[in-house]
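Residue strings, one per chain:
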Amino acid sequence: MPKPTFSPGAPCWVDLMTSDPEKAKQFYTELFGWTYEVGDQEKYGGYTTALKDGQAVAGIMQSQDSGYPDVWSTYLRVEDIDAATRAAAANGGQVYMPPMVVPEQGKMAMIGDAGGAAVGLWEFAGHTGYQLAAEPGAPAWHELFTRDYPATVKFYEDVFGWDTEVMSDTDEFRYTTLGSGENATAGIMDATAWLPEGVPAHWRVYFAVENTDAAVEKATALGGSVVQPAEDTPFGRMATLTDPTGTTFLVAQDLPGR
């Protein structure tokens, strides 16, 4: 499969903020077959790049705040990160971490959208996003759960220029995608009825696997847990899991067109 390309505003990278990087690396190596390159401590704080078949697919970094839960984060490609953070603040969002230069790699920032979900921004330089997508062990889909659906959809349209398509608009299932059909790269779901009390809006990362049931079995054997058991959907067989420190992620088998 050719290397993925990322239009402005599209998800382009994922990374894991974890309280135990070594435990995380061991888990994801066994589950996805990842290998790792550890960045220079002085330049990059030991930021670790996960590789699948020699291609960069994700990052892992040590959490600096023991009170903050371990989390997978999605990053959106932006061409002008300073303009994007200003636009986010002007359209009902918040700037959690202002733009910063990552030497030789690009610029990053972290914002909150209009519904309160955190999302990263990335301006390309040497680092041009994950180099493998929708293949086993690589990111396959990005999905936002929000309680403020109309305002959140408008936020991504206005701030990032998303060209959206409504997949469903019923009381039971409201879902909008970035792009349409097989060309869609992310989704926004009205999760008002799904999010437990106290759980904020958030992005969810899906990783492709050859066999969802086998991945669930392996993840639990490695110290992970099952949040949502494997089930067949119109988009493949999926399950929601946690790694050994409680970080939530999803696995998906046979996502059509991806």
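Here the structure is shown first, and the text comes after it.
Residues numbered from 1 in each chain as written. Predicted model: local features only at pLDDT ≥ 70, side-chain atom pairs only at ≥ 80, totals over all residues. Heavy atoms only, no water.

Participant: Please provide a residue-by-residue account of the overall build of the chain, values included.
Facilitator: Looking only at helices and strands, the chain features 5 helices and 16 strands. In terms of overall size, the chain behaves like a compact globule, its C-alpha atoms giving a radius of gyration of 17 Å where 258 residues would be expected to give roughly 18 Å. Put simply, the chain shows about 12200 Å² of open surface, and 50% of that area lies on carbon and sulfur atoms. Here the chain carries 15 positive and 36 negative side-chain charges, and the mean point of each set is 3 Å from the other. (Helix = DSSP H or I, 4+ residues; strand = E, 2+ residues; numbered from the N terminus. Rg over C-alpha atoms; globule rule 2.2 N^0.38 Å. Areas by Shrake-Rupley, 256 points an atom, 1.4 Å probe, with all protein chains shown as cover. Lys, Arg positive; Asp, Glu negative; His and termini not counted. Charge placed at Lys NZ, Arg CZ, Asp CG, Glu CD.)

Participant: So what's going on with the packing of aromatic side chains? Residues and values would help.
Facilitator: If you walk through the whole model with that rule in mind, you get 22 aromatic pairs. Aromatic side chains Phe 173 and Tyr 175 sit 5.5 Å apart centroid to centroid with 35 degrees between the ring planes, which places their arrangement in the tilted category. Among the residues examined, Tyr 175 registers a relative accessible area of 5% and is labelled buried. Among the aromatic residues, those joined into a ring-pair cluster are Phe 27, Tyr 28, Phe 32, Trp 34, Trp 72, Phe 207 and Phe 249. Lys 25 extends its terminal NZ or CZ atom over the ring of Tyr 36, reaching a point 5.8 Å from the ring centre. (Phe/Tyr/Trp six-rings, centres within 6.5 Å; stacked < 30°, edge-to-face > 60°. Buried < 20%, exposed > 50% of the residue type's maximum accessible area, 1.4 Å probe, protein only. Lys NZ or Arg CZ within 6 Å of the ring centre and 35° of its normal.)

Participant: Residues and numbers for the nonpolar core, please.
Facilitator: Ranked by internal contacts, the top residues of the largest apolar core, which has 25 residues, are Tyr 28, Phe 32, Trp 34, Trp 72, Phe 207, Phe 249 and Val 251. Contributions of two or more residues to this core are made by β1 (11-18), α1 (21-32), β4 (55-62), β13 (202-208), α5 (212-221), β15 (236-242) and β16 (248-253). (Core = buried A, V, L, I, M, F, W, Y, C linked by side-chain atoms within 4.5 Å.)

Participant: Any chance you could break down unusual backbone geometry for me, citing the residues and the numbers?
Facilitator: Its identity as a non-glycine residue notwithstanding, Asp 53 has a phi of 55 degrees, on the positive side. The residue Asp 53 is located in the loop between β3 (48-52) and β4 in this model. Judged by its relative accessible area of 65%, Asp 53 is exposed. At Glu 104, a position not held by glycine, the phi torsion is positive, near 70 degrees. Relative to the elements of secondary structure, Glu 104 occurs in the loop between β6 (94-102) and β7 (106-112).

Participant: Any details on the pairing of strand β10 (residues 164-169)? Residues and values, ideally.
Facilitator: Sheet topology places β10 next to strand β11 (residues 174-178); 5 bridges connect them, and they run antiparallel. Across the sheet, Glu 165 pairs through a bridge with Thr 177, a residue of β11. Linkage of β10 to β11, two consecutive antiparallel strands, is achieved through a turn of 4 residues. (Pairing = 2+ DSSP bridges.)

Participant: Break down the sheet that holds β11 for me, with residues and values.
Facilitator: Either a parallel or an antiparallel arrangement is found when strands of a sheet pair, and the pairing is made through backbone hydrogen bonds. Reading across the sheet, the 8 strands line up as β10-β11-β12-β9-β13-β16-β15-β14 and stay open at both edges, with mixed pairing between neighbours. Strands at the two margins of the open sheet, each flanked by one partner only, are β10 and β14 (225-233). Sheet twist, expressed as the average angle between the axes of neighbouring strands with direction ignored, equals 20 degrees. Judged from the 3 bridges that link them, β13 and β16 form a sheet pairing that is parallel. Along β16, the bridge assignment pairs Phe 207 with Val 251. Packed on one face of the sheet, α1 meets β13, β15 and β16 and runs near 10 degrees to β16. Across the sheet, α5 lies against β14, β15 and β16, angled at about 10 degrees from β15, the strand it touches most. (Axes fitted to C-alpha atoms, helices over the stretch in contact; angles between N-to-C directions. Contact = heavy atoms within 4.5 Å.)

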